[in-house]
There are 2 protein chains.
Amino acid sequence: MIFIICFFTIFTAMECNCELCDLKNIFFATIEPSELEEFCASRIEITIAPKDIVIKQGDPIHDFVYLKEGLVKLYRETDAGNQIISIGKPFDFVSLLSVFGEEKYQYSVSAITDSVICVMKLQDIQKLILENGAFALRLIKTMNKATDRILFDYLDNSQKRLYGRVAHVLIDFSEIFNNETFDLPISRKEIAQLVGMSIENVIRTISELRKDKIINVFGKSIVILDMHRLKQIRSNN
Amino acid sequence: MIFIICFFTIFTAMECNCELCDLKNIFFATIEPSELEEFCASRIEITIAPKDIVIKQGDPIHDFVYLKEGLVKLYRETDAGNQIISIGKPFDFVSLLSVFGEEKYQYSVSAITDSVICVMKLQDIQKLILENGAFALRLIKTMNKATDRILFDYLDNSQKRLYGRVAHVLIDFSEIFNNETFDLPISRKEIAQLVGMSIENVIRTISELRKDKIINVFGKSIVILDMHRLKQIRSNN
DNA sequence: CGCGGCTTTGATGTTCATCAAGTAAAGTGG
DNA sequence: CCACTTTACTTGATGAACATCAAAGCCGCG
């Protein structure tokens, strides 16, 4: 179920303003203008605020969702609490896992920051796949690459210890914001859920990194002082 | 690089003897007989022995591989040793991760038991995707489902402790062999690499399960004495 | 302004890896 | 076929990594 918060706008083909949108690239490379126009007409953009739920675990899968702006989290709700599968970044497919394989979502998605998502009918995407092999092939390639990254990130993470995991998360966000100074968009608790460790130890590890003058911390605000050592920690711990 | 061990046979369309083959089902449901015949002619079947390497991490991806018979392991070769990603069972796609998304394999695949794989040119599959949307859609659905299972299994595993992980592996094999008495097809070391724990603790855990009369063990031979308790351990530990 | 959630630190105990040392099994070359 | 080497398996002892518990400060929000 899509949670419509602020507004949504219908764009026609020529107004697609998603400059860097992978999906748009796939479309323009493979789809006839007429076909595209029809498709774009049924597409809606939705602006969402932090904590708004885009996808709810257990809901039937009707839509195909793409992240245009902002950050979202994909997470599973389990007996032992939430487990964050992946952080969705701009131009990521939010509908990645399960979309074509299952009837119901096996995970939830909620906004971390103010975000803009692009929602299409799954049926429309399936129709395109059926009618347009070039589109299908590019879609397969893109999705294959993206799920790979989630899985291999996870495999990497599981071979690291506390320090390496926290270092990895910090470097990740530094790269997302393209800056060694940034505000952590997620809570300590969410970091814990993302890397699979206790909140207390996430905090302790961050404190230690601060004491060792590798980072500076003021609440959510992070400054990476020594990226080189942080990267060493990521690979050795 | 495909390692040709014993023999390989070229089948024509009508000789496709893969009764339960998912891929065959996709083909027959979506492909014209003429198209199919051409495709099947270029397909080869290869029989492999335990430890034979089917896919080598780092090699370029040229083929699409499907497992007809036997068991294989998908694993990453890392600095910290091998990490088993998944056990491939009959009718699984061996080429699942990375096939369409990457140039080179990010993982290796080797046979656990005597196995039969079906090898197709990746180009041929891509050609089918391009020309036949119905085929593309069914392929996407099948692959989506399979990668999901690998990822979610992994997420489940990471929330369990030793006992739960070992119990899970034992139950998995029991289900593969459809019998509560079976021979473990992998070594203790491989179980350790699969669930992410030390060899010693895999052995210790198995020994404890034996002492508690939940299983019987003679070397590789396993008898599950109390499936109910084993399943409880899987979900609670 | 008080309540609940987030953050932080210290103390404690559990889970697990690692080390060590030995046995059994399986492959290897003469 | 047997000595030999290597690999797999097993158990106990130790210590490291980590979760959990407890207590307190902080912040936002109704």
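The rules behind the values
Numbering of residues starts from 1 in each chain and follows the order in which that chain's sequence is written. Think of it this way: whatever chain is written first is A, whatever ligand is written first is 1, and the rest follow in order. Reporting in this predicted model follows two pLDDT cut-offs: at least 70 for local features of residues, and 80 or more for side-chain atom pairs to be given and counted; totals over whole chains, interfaces and linings ignore these cut-offs and use all residues. In this document the domain limits rely on a domain assignment from an automatic tool or a database. Placing a C-beta atom from the backbone of each residue, one calls two residues in contact when those atoms lie within 7 Å. By definition, any uninterrupted DSSP run of H or I lasting at least four residues is a helix, any uninterrupted run of E lasting at least two residues is a strand, and each is numbered from the N terminus. C-alpha atoms of residues with pLDDT of at least 70 in both copies form the basis for the least-squares superposition of the copies. Once C-beta atoms are placed from the backbone, each residue is buried if 20 or more other C-beta atoms lie within 10 Å of its own, exposed if 12 or fewer, and partly exposed for counts between those two. Any two strands with at least two DSSP bridges between them are considered paired. With axes taken as lines fitted to C-alpha atoms, and helix axes fitted only over the stretch in contact, angles between N-to-C directions fall between 0 and 180 degrees. Near, as applied to residues and a molecule or strand, means the residue's backbone-placed C-beta atom lies within 6 Å of it. Residues were grouped as follows: Ala, Val, Leu, Ile, Met, Phe, Trp, Tyr, Cys and Pro as nonpolar; Asp, Glu, Lys and Arg as charged; and all remaining residues, including Gly, as polar. Think of the arc as the fan of directions from the helix axis to the C-beta atoms. What a helix is expected to span follows from its residue count: subtract one and scale by 1.5 Å.

1. Side note on the domain arrangement of chain A
All names here are of chain A.
In step 1: With domains assigned, chain A is organised as domain 1 (8-157) and domain 2 (160-236).
In step 2: Computed over C-alpha atoms, the centres of domain 1 and domain 2 are 28 Å apart.
In step 3: Across the contact, 11 residues belong to domain 1 and 10 residues belong to domain 2.
In step 4: When contributions to the side of domain 1 that touches domain 2 are tallied by element, the ones reaching two or more residues are strand 6 (81-88) and helix 4 (133-158).
In step 5: Considering each element in turn, the side of domain 1 that touches domain 2 owes the most residues, four residues, to strand 6.

2. A word on the relation of the copies chain B and chain A
In step 1: Mapping chain B onto chain A calls for a rotation angle of 180° and an axial translation of 0.0 Å; the resulting RMSD is 0.0 Å. Taken together, these values place the two copies in the relation of a two-fold axis. Across chain B, the smallest distance between a C-alpha and the rotation axis is recorded for B:Gly133, namely 2.7 Å.

3. Looking at unusual backbone geometry
In step 1: A positive phi angle, close to 70°, is found at A:Ser98, a residue other than glycine.
In step 2: Mapping A:Ser98 onto the fold places it in the loop between strand 6 and strand 7 (108-111).
In step 3: The backbone of B:Lys51 sits at a positive phi, close to 75°, despite the residue not being glycine.
In step 4: When you line up the elements, B:Lys51 lands in the loop between strand 2 (44-48) and strand 3 (53-55).
In step 5: On the basis of neighbour counts, which here come to 8 C-beta atoms within 10 Å, the residue B:Lys51 falls in the exposed class.

4. With respect to the sheet that holds strand 5 (residues 72-78) of chain A
What links the strands of a sheet is backbone hydrogen bonding, and the strands pair in either a parallel or an antiparallel sense.
Residues and elements named next belong to chain A.
In step 1: In spatial order, the strands read 3-7-5-6; together these four strands make up an open sheet with antiparallel pairing. Either end of the sheet is taken by a strand with one partner, and the two such strands are strand 3 (53-55) and strand 6. Strand-to-strand twist of the sheet, defined as the mean angle between neighbouring strand axes without regard to direction, takes the value 35°.
In step 2: In this structure, strand 3 lies alongside strand 7, joined through two bridges in antiparallel fashion. Residue pairing for strand 7: Ile55 is matched across the bridge by Val109.
In step 3: Each of strand 5 and strand 6 touches helix 6 (residues 188-195); the most contacted strand, strand 6, lies at about 85° to it.

5. Description of the protein's contact with DNA strand C
In step 1: Residues in close proximity to DNA strand C total 15 residues, the closest being A:Ser187, A:Arg188, A:Ser207, B:Arg161 and B:Met197.
In step 2: At the level of elements, helix 6 and helix 7 (199-211) of chain A together with helix 7 (199-211) of chain B are the ones that each hand at least two residues to the surface near DNA strand C.
In step 3: It is helix 7 of chain A that provides the largest number of residues to the surface near DNA strand C, a total of six residues.
In step 4: For the surface near DNA strand C, the residue count by class is five nonpolar, four polar and six charged.

6. A look at the interface of chain B and chain A
In step 1: Every contact between the two is made by 35 residues of chain B and, on the other side, 35 residues of chain A.
In step 2: Residue assignment for the side of chain B that touches chain A shows that the elements contributing at least two residues are strand 5 (72-78), strand 6 (81-88), helix 3 (122-131) and helix 4 (133-158) of chain B.
In step 3: Per-element accounting of the side of chain B that touches chain A gives the leading share, 16 residues, to helix 4 of chain B.
In step 4: Split into classes, the residues belonging to the side of chain B that touches chain A amount to 16 nonpolar, 13 polar and six charged.

7. A word on the sheet that holds strand 9 (residues 181-183) of chain A
All names here are of chain A.
In step 1: Judged by pairing direction, the sheet is antiparallel, and its three strands sit side by side in the order 9-11-10 without closing on themselves. Two strands in the sheet have a free side with no partner beyond their single neighbour: strand 9 and strand 10 (215-218). Going from strand to strand, the sheet's axes swing by 15° on average, the running direction of each strand aside.
In step 2: Bridge count between strand 10 and strand 11 (residues 221-224): four bridges; the pairing is antiparallel. By the bridge assignment for strand 11, Phe218 is matched with Ser221.

8. Some points on helix 8 (residues 227-236) of chain B
Residue and element names in this part refer to chain B.
In step 1: Residues Leu230, Ile233 and Arg234 constitute the buried set of helix 8. Burial along helix 8 is one-sided: seen end-on, the buried residues are contained in an arc of 100°. Among the exposed residues of helix 8, those pointing more than 90 degrees away from its buried face are His228, Ser235 and Asn236.
In step 2: For helix 8, the secondary structure elements touched by its buried residues are helix 5 (162-176) and strand 11 (221-224).

9. Details of helix 7 of chain B
Residues and elements named next belong to chain B.
In step 1: Relative to the 18 Å expected for 13 residues at 1.5 Å per residue, helix 7 spans 18 Å between its end C-alpha atoms, a close match to the ideal helical length.
In step 2: Along helix 7, the positions that sit buried rather than exposed are Val202, Thr205 and Leu209. Around the axis of helix 7, the buried residues are gathered within 65° of arc, so they sit on the same side. Relative to its buried face, helix 7 has exposed residues pointing more than 90 degrees away, namely Glu200, Ser207 and Lys211.
In step 3: Against helix 5, helix 6 (188-195) and strand 10 (215-218) lie the buried residues of helix 7.
In step 4: Immediately downstream of helix 7, the backbone of Lys213 shows phi near 60°, a positive value.

10. Section: the pairing of strand 4 (residues 63-69) of chain A
Residue and element names in this part refer to chain A.
In step 1: Counting buried positions along strand 4 yields six of seven residues, so the element is predominantly enclosed.
In step 2: Inspection of the sheet shows strand 4 paired to strand 8 (residues 115-121) by six bridges, in the antiparallel sense. Each residue of the ladder has a partner; that of Val65, found in strand 8, is Val119.

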